[in-house]
Amino acid sequence: MPRLRLLPFLLLLSTLPAAGQEGPRNRFETARLDWDAGRYIEALTTLEALLHDPSPDLEEEIALLTGELFDVWEITPDGRGVRWSPTGKLAAYQRGAGGAVETFILELGEGGLKEVGRVRGSGLVFSPVRDAVAYLALDETSELREARAKLREEIVPTDRASFMRLRASLASLDAEHTRIVVRDLAAGGEVEVQTGGVAVQSLLYRPGSDELFLLGNRGGDPQTSHVWRVRRDGPVEAVTRTPGPKTSPFFAAGGSVLVYGSGAGKVAVTDLESGDTRTLEGSRPVTSADGLSLAFVRNDDGEGTVTVLPLREFDAVPKVVARVPFPVAEMTSQGCPSCPVLSGLSFSPDGSTVAFQAMPREDWELFLVSAEGGEEGGVIRFTREIQHDLFPQFLRGGRLLATKGEGRHRRAFLFGSGGEPKRLFRNNTLRTVAPEYEWAPSPDGTKLLIVAERDGNTVSPERGVYLLDLSRKVTREDLLARIRRNLKEESALLARAKRTFAPLAQEIRSAVGEVSVPRLFRHEQALFRFGSKHISQPGNRMAIDYLVSELRGFGHEPELQWFDARGYRSANVVVRIPGNVSPDVVYAVSAHFDSNNRSPGADDNTSATVGLLEMARVLSGHPLPATVEIAFFTGEEAGLLGSREYVRRAVESGKVLVGALNNDMVGWAENHRLDNTIRYSNDGIRDVQHGAAILFSDLVTYDAKYYKSTDAAAYFDAFGDIVGGIGSYPILANPHYHQVHDVLETVNHQLVAEVAKVTVASAILLASSPSRLNDLVVREGAQGFTASWTPAVESDVTGYIVRYGPPSDPERHHLSVPEAEAVLPGAGSGTVVLVKAVNSRGLEGWDWARTEIGNEGRPLSR
């Protein structure tokens with residue numbers, strides 16, 4: 001049997017600290033424990049002190065705990081489709097949509113990447129032998145614009161099959177109106193290449209030459225496509241012959257062989273000299289660094305195999321090198337059609353080892369096997385995570401790059417000689433998450449282009465492009481600055497929270513102290529027994545009846561909001577707790593109780609549903625100054641139906657809805673930590689929920705601006721920027737999401753309780769405080785600038801706080817006024833103006849109304 005030759009790092013073990021070791025190491029471990037528990041101020045204080053101690057060297061561990069280890073530069077705040085040239089000298093990204101797509105070409109130098117050109121088009125590929133690129137230019141038409149508009153209307157697909165047909169139709173139209181253009185980067189000239197009527201999907205250069213090929217179809221038949229050789233002096237020539245669609249073509253064996261997907265579960269290899277083609281059972285092929293070996297996977301009756309095919313001889317026999325009793329990855333995704341392909345397979349740089357992705361239980365893990373095959377049991381499991389491990393990519397030097405998590409929040413990790421993964425990309429903050437979407441390592445393996453939401457804003461369409469340098473670690477000075485900045489921000493957050501909640505602290509502690517894990521679990525058990533609660537399933541009506549019965553038992557009389565949709569009848573269940581000071585002012589707290597049509601939905605979303613049931617019990621007989629409506633939405637999994645119906649009725653009735661919390665998937669935990677994410681549109685509500693977690697629970701909270709394609713979107717669309725709430729995404733990566741194994745034993749019931757406490761505390765604070773003011777404007781008059789706003793909607797407001805100053809110090813000047821107007825001495829163009837109401841209990845509004853004086857004294861929107 002051939003000897004299994006695996007990477008050296010598999011033979012190395014992490015060095016453990018010696019027993020009883022004293023000094024800096026123990027202090028660091030104390031800081032790590034504080035960090036885990038969310039005691040960030042204590043942890044940061046210790047870490048700052050440790051960085052002043054030169055021995056032992058803890059910089060790398062401190063950097064990895066608090067953020068990024070390697071230097072990162074922002075290339076652009078808006079880009080996607082990152083790629084490198086074969087030499088690594090050039091890189092590219094694209095921006096825009098449709099006919100307005102631009103691709104930016106970058107050159108790598110001493111100072112990083114700098115722009116050296118741009119083209120109006122997409123799908124750019126670099127010539128391997130000269131400074132030239134080929135790209136696809138799209139001729140915009142009214143037909144294309146209409147097709148895009150129709151697709152945008154399907155933000156939440158009501159029928160996945162029709163949605164996918166719309167996407168396929170648009171892709172076909174794009175291809176029909178696409179031209180190929182070649183640009184000489186040195187001379188700056190462009191040449192348009194004739195396609196002979198072939199609708200172009202993508203381009204590729206043959207290695208070691210300037211010969212261009214395209215993937216596309218002729219005659220408008222999307223079911224049959226081919227790879228075509230582009231000739232400068234004549235029509236294109238098809239180099240593939242077999243019927244059916246071709247996918248993801250690439251060259252191997254020095255460019256003498258073309259490899260591509262050929263229909264479902266087929267890999268095709270075409271010899272470009274003879275035209276001969278071999279078709280093999282499998283999918284997602286990858287080639288070794290020298291191009292002389294091909295690997296692909298196959299699944300058959302629950303068994304997965306990895307096969308290696310030598311390419312030195314065209315008729316070589318493929319060899320199964322790994323056989324496992326569970327599925328291997330047949331997925332390739334990186335979030336955009338024109339991105340470089342990521343696969344669940346990768347060869348080591350010397351071609352001796354294959355890394356592959358497989359699913360021994362509910363989540364993907366990484367495995368290693370010799371490319372020559374091994375004896376029985378020769379497959380080595382490399383990861384044992386609770387969440388998905390995906391897309392292994394070997395880099396030069398033997399390091400393995402991979403990602404973790406679910407599509408809305410994946411993160412890149414690097415496995416080195418110690419075997420422990422190092423997280424590569426973050427934003428060096430404590431609270432705000434940074435979802436990643438694309439990864440492109442440079443050919444020499446020293447740099448990484450990443451597309452991510454480093455600012456945590458998943459709402460805006462812009463995603464930043466970042467360059468991470470694996471050869472340059474952050475300095476001690478940079479690390480100290482990071483820690484001091486976070487310590488300052490965390491201390492300020494805590495001080496604001498204490499000040500905000502002080503008048504209500506005793507009341508809130510009493511309320512959250514009533515939250516009961518056994519009660520929560522009893523509700524979870526009951527709802528879980530109904531199976532799927534999708535509107536098409538019997539469990540939906542059973543859940544409605546259960547919610548009504550329990551709520552009545554708490555002393556409420558719930559409203560049932562019945563409606564018909566998708567051929568089914570279902571209802572929201574709404575409890576109204578009238579306010580005792582300003583009953584016309586309403587706060588909504590919601591969660592959807594339905595589940596995916598094949599899933600019992602223990603986390604998605606029984607976990608949040610039971611938290612609201614416990615809130616309804618705790619607040620029964622505990623009215624707040626404003627009205628609180630606890631809404632259990634139906635039909636979220638069928639297209640956000642219940643939230644849309646609730647909001648439709650609220651608008652129709654003229655409801656004064658001033659704030660909303662929406663919780664979704666709050667019970668799954670990837671590790672020992674009780675942590676979760678605040679998903680918000682409103683900064684004030686975000687900080688209220690952080691404060692509630694810090695002061696009244698054991699929950700560690702992160703945040704992301706995130707509400708699209710969730711029930712919170714209905715609130716935002718109708719009532720504006722009033723949204724908060726807690727949900728697993730995009731910080732966690734539940735492998736049970738929408739699966740049949742989203743079952744009760746995967747839920748952390750204490751985590752559900754901690755989220756319920758934060759929700760109760762947040763609702764009490766919001767409903768006891770003035771809401772954000774509306775219609776703030778600043779006008780210039782004889783006395784200078786005067787700010788005015790619509791009076792607060794609450795009946796117990798006694799006055800207003802006004803702050804104003806330059807953008808760098810917007811709270812420089814302080815005023816208190818009794819009416820909805822204030823003169824602003826010394827204000828001028830560019831001054832930021834902030835206003836809050838204050839009520840008779842001394843509680844300030846939970847968010848500032850904000851404007852900025854324009855160049856001519858006009859207010860600018862927030």
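On a predicted model such as this, the values are computed, not experimentally measured, just so you know. Counting restarts for each chain: residues are numbered from 1 in the order of the written sequence. pLDDT decides what is reported in this predicted model: residues at 70 or higher carry local features, side-chain atom pairs at 80 or more are listed and counted, and totals for whole chains, interfaces and linings draw on all residues regardless. Side-chain measures were taken over the full set of non-hydrogen atoms in the model, leaving aside hydrogen atoms and water.

Brief notes about the overall build of the protein chain
Next, step 1: Numbering of helices and strands runs from the N terminus, with a helix taken as a DSSP run of H or I at least four residues long and a strand as a DSSP run of E at least two residues long. Helix and strand counts for the protein chain stand at 14 helices and 49 strands.
Next, step 2: Relative accessible area decides the class of each residue, using a 1.4 Å probe on protein chains only: under 20% of the type maximum gives buried, over 50% gives exposed, and in between gives partly exposed. Expressed as a percentage of the 862 residues in the protein chain, the buried residues total 56%.
Next, step 3: Any pair of residues with heavy atoms lying within 4.5 Å of one another is described as a contacting pair. Of the contacts made within the protein chain by residues no fewer than 6 positions apart, 61% connect residues no fewer than 24 positions apart.
Next, step 4: In short, Shrake-Rupley with a 1.4 Å probe defines the accessible areas, and a residue's cover is counted only from the protein chains shown. For the protein chain, the accessible area works out to roughly 35,600 Å², and carbon and sulfur atoms hold 49% of it.

Details of the sheet that holds strand 23 (residues 353–358)
Next, step 1: Spatial ordering of the open sheet is given by 22-23-24-25, a layout of four strands whose pairing is antiparallel. Every interior strand has two partners, whereas the edge strands, strand 22 (345–347) and strand 25 (380–381), have only one.
Next, step 2: Here a strand pair is declared whenever DSSP counts at least two bridges between the two strands. Examined bridge by bridge, strand 23 and strand 24 (residues 365–370) share six bridges and lie antiparallel to one another. Note on strand 24: the bridge partner recorded for Ala355 is Leu368.

Section: the packing of aromatic side chains
Next, step 1: Two rings from Phe, Tyr or Trp (for Trp, the six-membered ring) form a pair when their centres are within 6.5 Å of each other. A pair whose planes differ by under 30 degrees is stacked, one over 60 is edge-to-face, and the rest are tilted. Following the criterion strictly, the structure yields 15 aromatic pairs and no others.
Next, step 2: For the pair Tyr646 and Tyr715, a centre-to-centre distance of 6.3 Å together with 80° between the ring planes defines the contact as edge-to-face. Within this pair, whereas Tyr646 is found in helix 11 (residues 641–652), its partner Tyr715 is found in helix 13 (residues 712–719), the two being separated by 69 residues in sequence. Tyr715 matches Tyr646 in its accessibility class, with the two residues each being buried.
Next, step 3: Between Trp789 and Tyr800, the ring centres sit 5.3 Å apart and the planes meet at 70°, which makes this aromatic pair edge-to-face. Placement of Trp789 in strand 43 (residues 784–790) and of Tyr800 in strand 44 (residues 797–805) is noted, with a sequence separation of 11 residues between them.

Quick notes on the confidence of the model for the protein chain
Next, step 1: Each residue carries a pLDDT value, the predictor's own confidence for that position, ranging from 0 to 100. The predicted model of the protein chain averages 90 in pLDDT, with 89% of residues at 70 or higher.
Next, step 2: Throughout residues 1–21 the model reports pLDDT below 50, and contacts reaching past four residues in sequence, or to other chains, amount to 34 contacts.
Next, step 3: The low-confidence segment residues 333–338, where pLDDT is below 50, has 13 contacts with residues more than four positions distant or belonging to other chains.

Overview of the packing of helix 1 (residues 24–36) against helix 3 (residues 59–66)
Next, step 1: Where helix 1 meets helix 3, the closest approach of the two axes is 12 Å, and the angle between their N-to-C directions is 5°. Viewed along their axes, helix 1 and helix 3 adopt a mutual orientation that is roughly parallel. Taken together, the residues of helix 3 that come into contact with helix 1 (itself represented by Arg25, Phe28, Arg32 and Trp35) are Glu61, Ile62, Leu65 and Thr66.
Next, step 2: Taken together, the residues of the contact of helix 1 with helix 3 sort by class into four nonpolar, one polar and three charged. Each axis is a line fitted through C-alpha atoms, and for a helix only the stretch in contact is used; angles between axes span 0 to 180 degrees, taken between their N-to-C directions. Oblique is the label for any angle not covered by the other classes, which are roughly parallel (under 35 degrees), roughly antiparallel (over 145) and roughly perpendicular (65 to 115). Here the nonpolar group is Ala, Val, Leu, Ile, Met, Phe, Trp, Tyr, Cys and Pro; Asp, Glu, Lys and Arg are the charged ones; every other residue, Gly included, is treated as polar.

Digging into the packing of helix 6 (residues 476–501) against helix 12 (residues 683–696)
How two helices pack is summed up by the angle between their axes together with the distance between the axes.
Next, step 1: Where helix 6 meets helix 12, the axes come as close as 9 Å, and the angle between the chain directions of the two elements is 85°. Considering their axes alone, helix 6 and helix 12 lie roughly perpendicular with respect to each other. In contact with Glu490, Leu493, Leu494, Arg496, Ala497, Lys498 and Phe501 of helix 6, helix 12 contributes Asp687, Val688, His690, Gly691, Ala692, Ile694, Leu695 and Phe696.
Next, step 2: Residue composition of the contact of helix 6 with helix 12, grouped by class: nine nonpolar, two polar and four charged.

So, the environment of His736
Next, step 1: Along the chain, His736 turns up in the loop between strand 41 (726–727) and helix 14 (749–768).
Next, step 2: For His736, a relative accessible area of 8% corresponds to the buried category.
Next, step 3: Residues His736 and Gly601 lie 135 residues apart in sequence; the distance between their C-alpha atoms is 9.1 Å.
Next, step 4: Pairing of N or O atoms within 3.5 Å defines a polar contact, subject to two protein rules: one partner must be a possible hydrogen donor and the other a possible acceptor, and residues neighboring in sequence count only if both atoms are side-chain atoms. Among the polar contacts made by the side chain of His736, one reaches the side chain of His741 at a distance of 3.0 Å.

Let's talk about unusual backbone geometry
Next, step 1: With an omega dihedral of 10°, the bond running from Asp604 to Asn605 counts as a cis peptide bond.
Next, step 2: Secondary-structure assignment places Asn605 in helix 10 (residues 602–618).
Next, step 3: Despite not being glycine, Arg284 has its phi angle at roughly 55°, a positive value.
Next, step 4: Tracing the backbone shows Arg284 in strand 18 (residues 283–287).
Next, step 5: Among the residues examined, Arg284 registers a relative accessible area of 30% and is labelled partly exposed.
Next, step 6: Look at Arg566: it is not a glycine, yet its phi comes out positive at around 55°.
Next, step 7: As for its position among the elements, Arg566 is in the loop between strand 33 (559–565) and strand 34 (568–577).

Thoughts on the environment of Ala827
Next, step 1: Examined against the element boundaries, Ala827 turns out to sit in the loop between strand 46 (821–824) and strand 47 (832–839).
Next, step 2: Residue Ala827 is classed as buried on the basis of its relative accessible area, which comes to 15%.

Regarding the pairing of strand 43
Next, step 1: Of the pairings in the sheet, the one linking strand 42 (residues 774–781) to strand 43 comprises six bridges and is antiparallel in character. If you follow Asn774 over to strand 43, its bridge partner there is Thr790.
Next, step 2: As consecutive antiparallel partners, strand 42 and strand 43 are separated by two residues.

Focus on the sheet that holds strand 3 (residues 90–95)
Hydrogen bonding along the main chain pairs the strands of a sheet, whether they run parallel or antiparallel.
Next, step 1: The strand order across the open sheet formed by four strands is 2-3-4-5, and the pairing between neighbours is antiparallel. Looking along the sheet, the strands with just one partner apiece sit at the ends: strand 2 (80–84) and strand 5 (112–119). Sheet twist, expressed as the mean angle between neighbouring strand axes with direction ignored, is 25°.
Next, step 2: Pairing of strand 3 with strand 4 (residues 102–109), which is carried by six bridges, proceeds in the antiparallel orientation. Bridging from a neighbouring strand, Gln94 pairs with Thr103 of strand 4.

Regarding the side chain of Thr759
Next, step 1: Counting through the fold element by element, Thr759 comes out in helix 14.
Next, step 2: Relative accessible area serves as the criterion here: at 3%, Thr759 is assigned to the buried category.
Next, step 3: Here Val755 takes part through its backbone oxygen, which lies 2.9 Å from a polar atom of the side chain of Thr759.
Next, step 4: The contacts of Thr759, once residues within four sequence positions are left out, are Val589, Met615, Leu661 and Asn663.

Examining the nonpolar core
Next, step 1: Within this scheme, the nonpolar core is defined by two criteria: the residues are buried Ala, Val, Leu, Ile, Met, Phe, Trp, Tyr or Cys, and they are joined through side-chain atoms within 4.5 Å. If you look at the biggest cluster of nonpolar residues, it comprises 71 residues, and the most contacted ones within it are Ile508, Leu551, Tyr587, Met615, Ile630 and Phe632.
Next, step 2: Among the elements that take part in this core, helix 14 stands out by supplying 13 residues, more than any other.
Next, step 3: Residues Leu65, Leu424, Leu430 and Ala434 belong to the second largest nonpolar core, which totals 42 residues.

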